[in-house]
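Below are the chains, spelled out letter by letter.
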Amino acid sequence: MNRPKRMLVENIAWARETADSDHAFFPRLAEGQSPRVLWIGCSDSRVPAETVTNANPGDLFVHRNIANLFSPADDNVMSVLEYAVRVLKVDDIIVCGHYGCGGVRASLLPASPDLPHVNRRIAPLCALAQRHRGELERVADADERVNRLAELSVLEQVRALRETPLVRDANAPPRVHGWIFGLHDGRIKVLATGYPDDQPVLFEPEPALETAGR
Ligand SMILES: [Zn+2]
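As the structure is a prediction and not an experimental result, all values here were calculated from the model.

About the criteria used
- Per chain, residues are indexed from 1 in the order of the written sequence.
- Residue-level local features of this predicted model are given only where pLDDT is at least 70; pairs of side-chain atoms are given and counted only at 80 or more, and the full residue set underlies all totals for whole chains, interfaces and linings.
- Where side-chain values are given, they derive from all heavy atoms of the structure, hydrogens and water being excluded.
- Working definition of a nonpolar core: buried Ala, Val, Leu, Ile, Met, Phe, Trp, Tyr and Cys residues. They are joined through side-chain atoms within 4.5 Å.
- Burial classes follow relative accessibility: with a 1.4 Å probe on protein chains only, a residue under 20% of its type's maximum area counts as buried, one over 50% as exposed, and anything between as partly exposed.
- Counting from the N terminus, the helices are DSSP H or I runs at least four residues long and the strands are E runs at least two residues long.
- Contacts are assigned to residue pairs that have any heavy atoms within 4.5 Å of one another.
- For helices, the fitted axis covers only the stretch in contact; all axes are lines through C-alpha atoms, and the angles between them, taken along N-to-C directions, range from 0 to 180 degrees.
- By the definition adopted for this analysis, an angle is roughly parallel if under 35 degrees, roughly antiparallel if over 145, roughly perpendicular if from 65 to 115, and oblique otherwise.
- In the scheme used here, Gly and all other residues not listed as nonpolar or charged are polar, with Ala, Val, Leu, Ile, Met, Phe, Trp, Tyr, Cys and Pro taken as nonpolar and Asp, Glu, Lys and Arg as charged.
- When DSSP finds two or more bridges between two strands, those strands count as paired.

Novice: Looking at this structure, I do not really get the nonpolar core. What am I missing?
Specialist: Grouped together as the largest cluster of nonpolar side chains are 23 residues, with contacts concentrated most on Leu38, Phe70, Leu81, Ile93 and Leu161. Elements that contribute at least two residues to this core include exactly β1 (37-42), α4 (75-87), β3 (92-98), α9 (142-163) and α10 (165-168). In this view, Leu38 contacts Phe61, Val80, Leu81, Ala84, Val90, Asp92, Ile93 and Ile94; residues no more than four positions away in its chain are not counted. One finds Ala67, Leu69, Tyr99 and Ala150 within the second-largest nonpolar core, a separate group that totals 16 residues.

Structure (structure tokens):
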């Protein structure tokens, strides 16, 4: 069976299981959407927004592109933002990068002549790397350098989003958060929170639960 066919078979199974476990699920989905969160993430196949946050269809309004970049000059991301803020009136915008990002890595390497579109997309990342050249050069390990630039980039997208008139001048401006996902352990680290005085989320297992075999 070819892969697309297998995906269609899986779709039938998923639709059946979902309807069986919650008869109102699809009628509810068909009524309309009211997600409270806009997710701006990387296109990387390993960071699917719903899966890594245990979310369901209807929970997240999602925009993904190479290296989770935001630019007011990009009509694609701006149209998503406009709809999210003005129509859906989301409460939160989450920029989620990830460690080991290929787009970020590419911005630290010579441009590939085979990838003119990618090169254009990641040009702002190359400029960001230039601006932080001193800090990045002090990171000896190449992978760690990519990871640090991925963090700096998330913070840069958060800053740009907060400054965008669409967000800044909204009647109830959404909170903008900056997160980064670790491929090595599946955990998300908060780099910037939209809440004042927010504390980091820590879900380390309680010793009592551990001894109870949980
Ligand atoms: Zn990526």
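More follows now that the structure is in view.
Novice: Looking at this model, I keep getting lost on the packing of helix α7 (residues 123-131) against α9. Mind explaining?
Specialist: Relative placement of two packed helices is described by the angle separating their axes and the distance separating the axes. α9 packs onto α7 with a crossing angle of 110° between their chain directions and a minimal axis gap of 10 Å. In this view, α7 runs roughly perpendicular relative to α9, as classed from their interaxial angle. Between α7, through Leu125, Leu128, Ala129 and Arg131, and α9, the contact on the second element is made entirely by Leu149, Leu152, Ser153 and Glu156. In terms of residue class, the contact of α7 with α9 is made up of five nonpolar, one polar and two charged.

Novice: Sorry if this is basic, but what is going on with the sheet that holds strand β5 (residues 188-192) here?
Specialist: The strands making up a sheet are joined through hydrogen bonds of the backbone, oriented either antiparallel or parallel. One open sheet holds the five strands; their spatial order is β2-β1-β3-β4-β5, and the pairing between them is mixed. Edge positions in the open sheet fall to β2 (60-65) and β5, since each of these has one partner strand only. Taking each pair of neighbouring strands and ignoring which way they run, the sheet shows an average axis angle of 25°. In this structure, β3 lies alongside strand β4 (residues 175-181), joined through seven bridges in parallel fashion. Across the sheet, the residue bridging to Asp92 is Arg175, located in β4. Contacts between α4 and the sheet are confined to β1, β2 and β3, with β2 contributing the most and set at about 170° to the helix. With respect to the sheet, α9 is in contact with β1, β3, β4 and β5, its orientation differing from that of β4 by roughly 165°.

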